[in-house]
Amino acid sequence: MLGLMQDRPLLISSLIEFAAQYHGAVEIVSRSVEGPIHRYTYADANRRSKQLAQALGSLGIGLGDRVATLAWNGYRHLECYYGVSGIGAVLHTINPRLFPEQIVYIANHAEDRVLFTELTFVPLLEGIAGQLESVEAIVIMTDREHMPETSLPNVQCYEELLAAQDGSLDWPGFDENTASSLCYTSGTTGNPKGVLYSHRSTVLHSLASCSQDVLGLSSQDSVLPVVPMFHANSWGIAYSAPMCGAKLVLPGMGMDGASIYELLETEKVTLSAGVPTVWLMLLQYLQQTGKELPHMTRTVIGGSAAPASMIETFEHDYDVVVIHAWGMTEMSPLGTTGNLKANMAAWDYSDQLAVKSKQGRAVYGVDMKITDDDGNELPRDGVAFGHLMVRGPWITNGYFKGEGGEVLDDGDWFDTGDVATLDPEGFMQITDRSKDVIKSGGEWISSIELENIAVGHPDVAEAAVIGVVHPKWDERPLLIIVRNEGSNVEGPEILDFMKGKIATWWMPDDVTFVDEIPHTATGKIQKLVLREQFAGYKLPTA
Ligand code: AMP
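Residues numbered from 1 in each chain as written. Predicted model: local features only at pLDDT ≥ 70, side-chain atom pairs only at ≥ 80, totals over all residues. Heavy atoms only, no water.

Trainee: Can you walk me through the site of the ligand in this structure?
Mentor: Near the ligand lie 15 residues; those nearest to it are Ala325, Thr329, Asp418, Arg433 and Lys524. With respect to the ligand, the backbone of Gly303 contributes an N or O atom lying 3.0 Å from a nitrogen atom. Interatomic distance of 2.9 Å between a side-chain N/O atom of Arg433 and an oxygen atom of the ligand. Here the ligand loses 91% of its free accessible area of 490 Å² to cover by the protein chains. Of all the elements, strand 14 (residues 321-327) adds the most residues to the shell around the ligand, at four residues. Of the residues that constitute the shell around the ligand, the class distribution is four nonpolar, eight polar and three charged. (Near = heavy atom within 4 Å. Polar contact = N/O pair within 3.5 Å; in protein donor to acceptor, adjacent residues only side chain to side chain. Areas by Shrake-Rupley, 256 points an atom, 1.4 Å probe, with all protein chains shown as cover. Helix = DSSP H or I, 4+ residues; strand = E, 2+ residues; numbered from the N terminus. Nonpolar A, V, L, I, M, F, W, Y, C, P; charged D, E, K, R; others polar.)

In structure tokens:
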């Protein structure tokens, strides 16, 4: 027997429509590329998204067509989120930090028909426009006054496109499983692969993200996603903020400590989200200037492991609760968040910190398990570590155009490529990427755990650990350090600092210093590049 409930499709347009109706006066504040801070409301955003939808219609864009953006976090990008997906076209957010040849590859692979670009990226596009095979029009996201002289073909001015439309459109209805947006994720090997979200997956992910134990986003919040809208939909905040009527603060291209701080302060931001590198810059700025964070109550840290020292600084020195989150592009991206459980409230801070340094516990909707190399499930004892497998309604079931082949096993489990433990309380801890784990004498050593401990040393700005070939043990860990400015710290001091915090056989065999550690376009350490760089490295123990 079927239930007698309405089967209304879960559509992205309903998020902005709802925000306009019930939180119409709530502000969206953006740092614009042109310079000034721009302010308007959800009611304005909905109207202008509809104007954009009409404009796309006039360009011949409809259901299933791919429309790309090369844009920062800002109000026009938000309008693309709703204007494009709202009519059943597919919003393809391109990461502008990718190499130009990767951008060409993914725009051609996605068969993008229209490309929206910020002024910032016009020179980049001029260099590659001739190679973009499917792009029929390039829309520059600015007004007539700021339109640049450009060699780009078929250029349109964003504000002129909108001005020609009256915004009288009613958002159309269609199947909730329709593709809504596309985000390429750059593996360390092979070409980037496209993750194709649906309206249903996006709305369900947003509902989860607003719940108290996840991000707890609500109409009481002023939220500033530092995490870019071109990377996993700013962890869904571009959708979840309208869903709950939170004030949205979009930082544009200003990611440095001073620029972020200014918005946190003037816009009374209560919740923010970003990768550890961004928070490092903010904390340095706060320490240099002696400024405080009076409005912020919590911050989400994810994308890479949040070091315990960073969590403690936020919580103790600035009274900001850290929500450590883990996920991936393939998961929309939220998988786990690290809010403490009720029974942990009375624990010593050091015990709480140990839990908060883990990557968090599953969000309802995400099933997780860990397995050995043969696919056997491993115990949830917080000790055994294995391949982290996930499944759920906002997790991919295959990459765009079938790239990479079958990605689910018989039970529909998706292999995250992360290696992790699960503890009896349900908290997951990443111990490595499966390709980065160090295999020493048949046992695994977690490179991430060593890095986390090393960055706790006051003279260490950044740390990376890779496995280096060893004649007896196959691989042994090499610790690569970027010193803090002005520091002369040497290897033995760092190893001394690590003693007692890990098993002795996990101790790195050597420490080496570099000026810079290479990062991917999404801010992750490029272990592959490091492994190449240190390919012939001779360990003192070898
Ligand atoms: P991406 O799809 O680019 O967002 O990358 C996803 C990957 O980032 C995950 O599979 C993890 O390896 C890593 N990651 C994300 N969040 C965390 C975290 N909190 N701690 C450690 N690694 C993380």
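Trainee: Before we go on, may I ask you to explain helix 7 (residues 199-210) in this structure?
Mentor: In an α-helix, one full turn covers 3.6 residues, which means residues spaced three or four apart are oriented alike. The end-to-end C-alpha distance of helix 7 is 17 Å, a good match for the 16 Å that twelve residues give at a rise of 1.5 Å each. Of all twelve residues making up helix 7, nine are buried, and the element is well covered by its neighbours. Within helix 7, the full set of buried residues consists of His199, Ser201, Thr202, Val203, His205, Ser206, Ala208, Ser209 and Cys210. (Expected span 1.5 Å × (residues − 1). Buried < 20%, exposed > 50% of the residue type's maximum accessible area, 1.4 Å probe, protein only.)

Trainee: Please clarify how the packing of aromatic side chains should be interpreted in this entry.
Mentor: Ring pairs (aromatic) are described by centroid distance and by the angle formed between their planes. Tallied over the full model, the rule gives twelve aromatic pairs. Between Trp72 and Phe121, the ring centres sit 5.2 Å apart and the planes meet at 40°, which makes this aromatic pair tilted. In this pair, Trp72 sits in the loop between strand 3 (66-70) and helix 3 (75-86) while Phe121 sits in the loop between strand 5 (112-117) and helix 5 (122-128), placing the two residues 49 residues apart along the sequence. The ring of Phe513 carries the charged tip of Arg483 above its face, separated from the ring centre by 3.8 Å. (Phe/Tyr/Trp six-rings, centres within 6.5 Å; stacked < 30°, edge-to-face > 60°. Lys NZ or Arg CZ within 6 Å of the ring centre and 35° of its normal.)

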